[in-house]
Amino acid sequence: MEVIYNLFFYLISFVLIISALGVVFMPRIVYSAVSLILAFISVAGIFVMLNADFLAITQIIVYAVGITIILIFAIMLTGKISEKKLWIAFAPRTLFAFAISGAFFVTILFAITDGFKLVARESNIFSATLPSLETIETLQTEGTTGIIGKALFTKYVLPFEVLSLLLIAAMLGAIVMTKKSGDNLINHTTKTIEED
Amino acid sequence: MFMEIFSVIFNVGLTHYLILGAIMFCIGLLGLIISRNVIRVLMSIEILLCSVNINFAAFANYVDINNIQGQIFAVFIIAVAAAEAALGLAILLSLYRNKPTIDTEEISELKG
């Protein structure tokens, strides 16, 4: 049982890392969009392994369907220029980027493994323990949706409302920015109403 | 001795998920800097947000299993990421209408 869990983790994370590298290094932008879909679905698989079923479904609905469709529409609307020369910036900042991300990775690795000596199941520095079997059983039969919904409407109700305000502001901003400067949305609608 | 070390490294725990999140974050950071295509920069930002979500879900599973607050914050992050993607692509389209390029090195009106 444990071995199957571990093998699934390594399989999903291998696919995830390969497809994330494909997003960055694929020569054509459409291929990297397809690779991004694979990466999002792999992240949903990681969420399933972490007992987060609501989060996995939300990940698939919002990221792997919604955001990817918006990105593919943007690729189709802006795709006149040949993409080969837009691959990677052969500039000094490329070397700088490799250096900075490598240094960042080594720093994070040093921090979370307590100086490269602790890759244990029960990590001491975060006081992490394996969740007990009864808790996992409860989560897997009842799901996490109830807990998340209850918390969203009691403890986190103010951030939830602020988030809805942010979504409305983003929607209005997207509409206002993408409409052409000539057409007037308000007059157009009022005119059609009068005609009816 | 060897089998013990191997089982400690092989068995998946919190640290493995954190290392996976670190790898994803560094890939996203790399793509954010070295890409010349604006759409690929936006894709790299999505990868960064996904790596943060992996870390939140891992901590919610291993530290705070009873009231999973990490997953709630991951839901918030997903909503903010959707708003960010929509706004970023709207800015990109209106910029493309004024100046038809998606090269990050040609968009230099702000002298950045």
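Throughout this description, residue numbers start from 1 for each chain and increase along the sequence as written. Chains carry letters from A onward and ligands carry numbers from 1 onward, assigned in written order. Only residues with pLDDT of 70 or above have their local features reported here, since the model is predicted, and side-chain atom pairs are shown and tallied only from 80 upward, although totals for entire chains, interfaces and linings are computed over all residues. Note: side-chain values were computed over all heavy atoms of the structure, leaving out hydrogens and water.

**With respect to the overall build of chain A**
Next up, step 1: In terms of helices and strands, chain A carries eight helices and zero strands.
Next up, step 2: Ordering the α and β elements of chain A from the N terminus gives α-α-α-α-α-α-α-α.
Next up, step 3: Any residue under 20% of the maximum accessible area for its type is buried, any over 50% is exposed, and the rest in between are partly exposed; the area is computed with a 1.4 Å probe on protein chains only. Here chain A holds 196 residues, and the buried ones make up 34% of them.
Next up, step 4: A contact between two residues is defined here by any heavy atoms of the two lying within 4.5 Å. Pairs at least 24 apart in sequence give 49% of the contacts found in chain A among residues at least 6 apart.
Next up, step 5: Carbon and sulfur atoms make up 74% of the accessible area of chain A, which amounts to about 12,100 Å² in all. Helix and strand definitions here come from DSSP, where helices need a minimum of 4 consecutive H or I residues and strands a minimum of 2 consecutive E residues; each element is numbered from the N-terminal end. All accessible-area figures derive from a Shrake-Rupley calculation using a 1.4 Å probe, and residue coverage is judged against the displayed protein chains alone.

**Considering the overall build of chain B**
Next up, step 1: Of regular secondary structure, chain B possesses four helices and zero strands.
Next up, step 2: Counting from the amino terminus, helix and strand elements in chain B follow one another as α-α-α-α.
Next up, step 3: Here chain B holds 112 residues, and the buried ones make up 57% of them.
Next up, step 4: Nonlocal contacts in chain B, meaning residues at least 24 apart in sequence, comprise 58% of its contacts between residues at least 6 apart.

**A look at the interface of chain B and chain A**
Next up, step 1: Taken residue by residue, the interface counts 76 residues in chain B and 91 residues in chain A.
Next up, step 2: Simply put, the buried area is the total loss of 1.4 Å probe accessible area from both parts when two parts are fitted together. Roughly 7,800 Å² is buried in total at the junction of chain B and chain A, and carbon and sulfur atoms are behind 77% of that figure.
Next up, step 3: Should a side-chain nitrogen of Lys or Arg be within 4 Å of a carboxyl oxygen of Asp or Glu, the pair is scored as a salt bridge. Here chain B and chain A share zero salt bridges between them.
Next up, step 4: Polar contact is the term for a pair of N or O atoms within 3.5 Å; when the atoms are in protein, one must be able to donate a hydrogen and the other to accept it, and sequence-neighboring residues count only if both atoms are side-chain atoms. Remark: the boundary between chain B and chain A carries eight residue pairs in polar contact (both at pLDDT 80 or more).
Next up, step 5: Elements with a contribution of two residues or more to the side of chain B that touches chain A: helix 1 (2–10), helix 2 (14–34), helix 3 (38–62) and helix 4 (69–98) of chain B.

**Observations concerning the packing of aromatic side chains**
Within a pair of aromatic rings, the relevant descriptors are the distance that separates the centres and the angle that separates the planes.
Next up, step 1: Here is the rule: rings of Phe, Tyr and Trp (six-membered ring for Trp) pair when centre to centre is within 6.5 Å. Planes less than 30 degrees apart are stacked, more than 60 are edge-to-face, and the remainder are tilted. Counted according to the given criterion, the structure contains 10 aromatic pairs over all chains.
Next up, step 2: Ring geometry for A:Phe104 and B:Phe25: centres 5.4 Å apart, planes at 20°, overall stacked. Separated into two different chains, A:Phe104 in helix 4 (residues 92–112) and B:Phe25 in helix 2 make up a pair that spans both.
Next up, step 3: Taking the relative accessible area as the measure of exposure, A:Phe104 reaches 36% and is therefore partly exposed.
Next up, step 4: Taking the relative accessible area as the measure of exposure, B:Phe25 reaches 23% and is therefore partly exposed.
Next up, step 5: Each ring, one from B:Phe73 and one from B:Phe76, has its centre 6.1 Å from the other, and the planes form 65°; the classification is edge-to-face. Taken together, the residues span about one helical turn, with B:Phe73 and B:Phe76 both in helix 4 at a distance of three residues.
Next up, step 6: Accessibility expressed as a relative area gives 10% for B:Phe76, which makes it buried.
Next up, step 7: Through successive ring pairs, a cluster of aromatic residues spans A:Phe9, A:Tyr10, B:Tyr17 and B:Tyr62.
Next up, step 8: Cation over ring: A:Arg28 sits above A:Tyr31, and NZ or CZ is 5.7 Å from the ring centre. In this scheme, Lys NZ or Arg CZ marks a charge over a ring once it lies within 6 Å of the ring centre and within 35 degrees of the ring normal.

**Here we look at the environment of B:Glu106**
Next up, step 1: Within the secondary structure, B:Glu106 is located in the segment after helix 4.
Next up, step 2: Separated by 70 residues in the primary sequence, B:Glu106 and B:Arg36 place their C-alpha atoms 9.4 Å from one another.

**Concerning the confidence of the model for chain A**
Next up, step 1: Per-residue pLDDT for chain A has a mean of 83; in total, 81% of the residues score no lower than 70.
Next up, step 2: Here pLDDT means the predictor's own confidence in every residue, given as a number from 0 to 100. Mean pLDDT across the secondary structure elements of chain A bottoms out at helix 8 (residues 185–195) of chain A, with 54, and peaks at helix 2 (residues 29–49) of chain A, with 92.

**A look at the packing of helix 3 of chain B against helix 4 of chain B**
Residue and element names in this part refer to chain B.
Next up, step 1: Taken N-terminus to C-terminus, the directions of helix 3 and helix 4 make an angle of 175°; their axes are 9 Å apart at the nearest point. As the angle between them shows, helix 3 and helix 4 are arranged roughly antiparallel. Facing helix 3, whose interface residues are Val38, Ile39, Leu42, Ile45, Glu46, Leu49, Val52, Asn53, Phe56 and Ala60, helix 4 presents Gly70, Gln71, Phe73, Ala74, Ile77, Ile78, Ala81, Glu84, Ala85, Gly88, Leu89 and Leu92.
Next up, step 2: Residues of the contact of helix 3 with helix 4, tallied by class, amount to 16 nonpolar, four polar and two charged. Lines are fitted to the C-alpha atoms to define the axes, a helix being fitted only along its stretch in contact, and any angle between axes, read from their N-to-C directions, falls within 0 to 180 degrees. In this scheme, roughly parallel covers angles under 35 degrees and roughly antiparallel covers those over 145, while 65 to 115 is roughly perpendicular and the rest are oblique. Under this grouping Gly is polar, as are all residues other than the nonpolar Ala, Val, Leu, Ile, Met, Phe, Trp, Tyr, Cys and Pro and the charged Asp, Glu, Lys and Arg.

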